[in-house]
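The residues making up each chain are set out below.
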Amino acid sequence: MPYRQRGALSLTWVAIVSAAFAALAMAALYSMRYERNVFMEVWNKALKSGAGAAVAHTSQEALGKVAPSAAPLRSCVVNGKHVISNVDCPERGSKIIHIHDSRGIEMPKAAPPVEPTPAGAQEKMIEQATR
């Protein structure tokens, strides 16, 4: 009777996982050598497909990077709780929220360059300090 290996991973699955890991490592090395990001190229191709574009648009809406395709956001109180919704609230007192896109954090401006002190003044300061 032939002996069969028992356990969670068989030799076949170990080979498949190892081959997949080696393929990812080779793609990473290829990306580094030719200064291309192969992973990003594959990701962009996936997003250009119909299903990928729909998923990307809904995730961008959730993050607030794209204007929602539905009604504007409204602020209202429902059952005593403050709620923000994109549909009209049943109770009175709903207010439309105007979202303003900001530029984010701007880099500070560079400080003006410091002028070097003349050699004569620097020597005088050194003499006064050593006295």
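Below is a short write-up of the structure. Worth saying up front: this structure is predicted, and the values here are computed from it rather than measured. (Residues numbered from 1 in each chain as written. Predicted model: local features only at pLDDT ≥ 70, side-chain atom pairs only at ≥ 80, totals over all residues. Heavy atoms only, no water.)

So, the overall build of the protein
Argument step 1. Per the secondary structure count, the protein includes four helices and three strands.
Argument step 2. In the protein, the succession of helices and strands from N to C terminus is α-α-α-β-β-β-α.
Argument step 3. For the protein, the residues scored as buried account for 6% of the 131 residues in total.
Argument step 4. For the protein, the proportion of contacts with a sequence separation of at least 24, taken over those separated by at least 6, is 6%.
Argument step 5. Of the roughly 12,500 Å² of accessible surface on the protein, a fraction of 62% belongs to carbon and sulfur atoms. (Helix = DSSP H or I, 4+ residues; strand = E, 2+ residues; numbered from the N terminus. Buried < 20%, exposed > 50% of the residue type's maximum accessible area, 1.4 Å probe, protein only. Contact = heavy atoms within 4.5 Å. Areas by Shrake-Rupley, 256 points an atom, 1.4 Å probe, with all protein chains shown as cover.)

A short note on the sheet that holds strand β2 (residues 81-85)
Argument step 1. Strands sit in the order β2-β1-β3 across an open sheet of three strands; the sheet is antiparallel. Whereas interior strands pair on both sides, the edge strands pair on one side only; in this sheet they are β2 and β3 (95-96).
Argument step 2. Of the pairings in the sheet, the one linking strand β1 (residues 74-78) to β2 comprises five bridges and is antiparallel in character. Within β2, the residue paired with Ser 75 across the bridge is Ile 84. (Pairing = 2+ DSSP bridges.)

Thoughts on unusual backbone geometry
Argument step 1. Of note, the phi angle at Glu 35 is positive, near 50°, even though the residue is not glycine.
Argument step 2. Among the structural elements, Glu 35 can be located in the loop between α1 (11-33) and α2 (38-48).

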